[in-house]
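# Reading the structure
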Amino acid sequence: MRGWRNAVQETAASKPLFLTIYATVILGTVVSSFYVFSAIYTPTASPTRSISSSWLLAPPLSQNGVSLSSNISQPSQHRSNKLRPIWEAPSRTSKMPRLKSFRLTKELVAQRAKDNVIIVTFGNFAFMDFILTWVKHLTDLGVSNLLVGAMDTKLLKALYWKGIPVFDMGSHISTDDVGWGSPIFHKMGRQKVLLLNAILPFGFELLMCDTDMVWLKNPLPYLARYPDADILTSSDQVVPTVVDDRLADWKQVGAAYNIGIFHWRPTPPAKKLAKEWIDMLLADDRIWDQNGFNELVRRQTGPAFDDESGIFYSYDGNLKLGILPESIFCSGHTYFVQALHQQFRLQPYALHTTFQYAGTEGKRHRLREAMVFFDPPEYYDAPGGFLSFRPSISKSLLLDGEHNLESHFSLINYQMRQIRSALAIASVLNRTLVMPPLWCRLDRLWFPHPGALLGSMTRQPFICPLDHVFEVNVMLRDLPAEEFGPAINIREYSFLNNPFLPQRVRESWLDVQLCQEGTEDCHASSNTSRPGLLRFPKRSSEETLKKVFSSFKDVKTREEKFRKRVKQYVGIWCCVENHIPGHIYYDMYWDEKPGWKPVPPKTPEDDHPPF
């Protein structure tokens, strides 16, 4: 959309912002019946969407709902005749079984296990969309030997009516999002270890996963390559230790072993570790489950089990441990920042949304950026339509000079100014803004670093996740309209490339190109003989603006609310070495502050956002 970048740049340079935007929008709508950047909204769900409109509805399905099983591909592997296929929902005329029938038993696990392996995740109702995404990726890969643990009755009932194999964990956890690091979050971590101790005695191999990860490739053949390992675990390693699909070089893995993805075999050493681990956590509720695991298994590291496999002895000297390779069992850093799998030309098995900065909403947004999150059809056909633009970024901003704080913030601020104008136009038009790809020159972490982690394969510049700069959770939060103005909905930068975008929406876009006023063939016209192209003058005279805004008494008030809203949208860069505090606040209105520089707060008293 070539012309749009000119519009954004021109609008960004005009003051007041909303005055110019209103003038441009009104002038455009007067001369044409088309909407700018329009995705024509129709409430009918796309026939090409593979997930039904009941994707996130609470059970039982309404009369207008469509069974999920009718549209989702089924695994091809053999099942017992008595075992209902995943996604085949119970009859709506049937009654919900009693809760005690959902207890975790050896018989229940045996029903679902294949080749003596069971794959398990668990969560509460707040993570239902993550769980459905997790299950769908596995079933699309032909994997059905899975179970989901429900930490509250609401989730248990919802999954049952979706046809998802579910069991009751008896946790009685809140149905709300508990938040990372909260007391309930730590309680949920203990549930994982309790569950591990419950299943291992049944004699099955257990692949335990967090709900904020997705499977991109069937992991079971890979895990079967290492039958001697008692445990195979992922890690937070960001510096690659291997360049192929072998297990990570355990001698080089200095980062924490991450228990969001790990595979246990029911061996005596594994059972012994699981028992000591839960005893440790129950004795001290201040210990984080992952820290406890790392403390125990790192009591001893080495020697190697053999010369080839990458398995090594750990814990008590008898437990055989393997570290899954960081490039294909990806963390949020190795996937979204380094893209190690792409650099090594490997196909990733898993993506875990670690190393991110905007809570649960940020995790959803990252999975959406990767186009691996399953949303309902209405997500792809928003009321009011969409608005998109392509930023204009010079080569000098991206590549010239050193990659340092000054060059990073110059690049971000340039993009932020255009995004600010796009948000304003989206607000005026009541459209959903498709965010552009965001380029960064420096990485973001929670500890001091030189801009890119030494030894990592972080390319500079790189397309960084939106949560590196913007507070995605705040952007998606329901801020009070009376204080912050109308909400501005957003979509991820990859939205228009998502295969779930309906074809009629994909084809309804209208490119708009603006031209210099006074140049040849530049005039407002209702002539639309050139499909998909409208031209508007770049500038309007003061007299024209006064006439346009004579009926808009609340423009100033609305802009004040808009400013208050979008100031909340930006976060921090972190962290400057040898400085406390070391973070630097992004400022949505940096260009209104002469001499603005990217410097951290001088004192703790100065440490506050630029609201």
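An unreviewed UniProt entry annotates the protein chain as Arabinosyltransferase XEG113-like protein isoform X2 of Gossypium australe.

### With respect to the sheet that holds strand β5 (residues 213-215)
Judged by pairing direction, the sheet is mixed, and its 3 strands sit side by side in the order β5-β12-β11 without closing on themselves. Every interior strand has two partners, whereas the edge strands, β5 and β11 (329-330), have only one. As paired elements, β5 and strand β12 (residues 350-352) share 3 bridges and run antiparallel to each other. Across the sheet, W215 pairs through a bridge with A350, a residue of β12.

### What about helix α5 (residues 153-162)?
In terms of burial, α5 is a largely internal element, 7 of the 10 residues being buried. Taken together, the buried positions of α5 are L155, L156, A158, L159, Y160, W161 and K162. Where α5 is buried, its residues meet β1 (117-123), α4 (128-140), β2 (146-150) and β3 (166-168). Between the side-chain oxygen of the N-cap and the backbone nitrogen of K154 there are 3.2 Å, and the N-cap of α5 in question is D152. Looking one or two residues beyond α5, the residue adopting positive phi is G163, at roughly 85 degrees.

### Quick notes on the packing of aromatic side chains
In this structure the tally under the stated criterion is 29 aromatic pairs. A ring pair is formed by W277 and F293, whose centres lie 5.1 Å apart and whose planes are at 50 degrees; its orientation type is tilted. Taken together, the residues W277 in helix α8 (residues 268-283) and F293 in helix α9 (residues 289-297) connect sequence positions 16 residues apart. Centroid distance F386 to W509: 6.3 Å. Interplanar angle 20 degrees. Geometry classified as stacked. With F386 in strand β13 (residues 386-388) and W509 in the loop between α17 (503-506) and β18 (511-512), the pair connects residues that are 123 residues apart, well separated along the chain. Grouped by ring-pair contacts, the aromatic residues F374, Y379, Y380, F386, F495, F500 and W509 constitute a single cluster. The cationic tip of R298 hangs over the ring face of Y257; the distance from NZ or CZ to the ring centre is 3.9 Å. A cation sits over an aromatic face here: R491 above Y379, 3.9 Å from the ring centre.

### Description of the layout of surface pockets
One number sums up the size of the second largest pocket: a volume of about 420 Å³. Along the wall of the second largest pocket there are 18 residues; nearest its centre are L83, R84, L108, Q111 and P165. With 3 residues, the top contributor of residues to the lining of the second largest pocket is helix α3 (residues 106-112). Of the residues belonging to the lining of the second largest pocket, the class tally is 11 nonpolar, 3 polar and 4 charged.

### A short note on helix α12 (residues 359-369)
Within α12, 9 of the 11 residues are buried, leaving the element largely enclosed by the surrounding structure. Considered for burial, the residues of α12 that qualify are T360, G362, K363, R364, H365, R366, L367, R368 and E369. Elements in contact with the buried residues of α12: α4, β5, α10 (332-336), β12, α15 (472-475) and β17 (490-491). Of the residues flanking the end of α12, it is M371, one or two places downstream, whose phi is positive at about 60 degrees.

Conventions used here
Position labels on residues start from 1 in each chain and follow its written sequence. Residues qualify for local features only when their pLDDT is at least 70, as the model is predicted, and side-chain atom pairs are given and counted only at 80 or more; totals for whole chains, interfaces and linings, by contrast, use all residues. To obtain the side-chain values, all non-hydrogen atoms of the structure were used and water was disregarded. Pairing between strands is defined by DSSP: at least two bridges between them are needed. Secondary structure elements follow DSSP: runs of H or I of four or more residues count as helices, runs of E of two or more count as strands, with numbering from the N terminus. Accessible area is worked out with a 1.4 Å probe on protein chains only. A residue is then buried under 20% of its type maximum, exposed over 50%, and partly exposed in between. Contact between two residues is taken to exist if any of their heavy atoms lie within 4.5 Å; hydrogens are not considered. Here a polar contact is recorded for every N or O atom pair within 3.5 Å, except that within protein the pair must consist of a potential hydrogen donor and a potential acceptor, and residues adjacent in sequence are included only if both atoms are side-chain atoms. Put simply, two rings from Phe, Tyr or Trp (the six-membered ring, in Trp's case) pair if the centres are within 6.5 Å, and we call them stacked under 30 degrees between planes, edge-to-face over 60, tilted for the rest. The criterion is that NZ of a Lys, or CZ of an Arg, lies within 6 Å of the ring centre and within 35 degrees of the ring normal, and then a charge sits over that ring. Grid points spaced at 1 Å and placed over the protein atoms alone form the basis of the search, with a cavity being a set where a 1.4 Å probe fits but cannot get out and a pocket an open set showing protein on both sides within 12 Å along at least five of seven lines. Lining residues have an atom within 4 Å of a point. Grid points are joined across faces, edges and corners, and a volume is the space filled by probe spheres set on the points. Each residue is assigned to one of three groups, with Ala, Val, Leu, Ile, Met, Phe, Trp, Tyr, Cys and Pro labelled nonpolar, Asp, Glu, Lys and Arg labelled charged, and all others, Gly among them, labelled polar.

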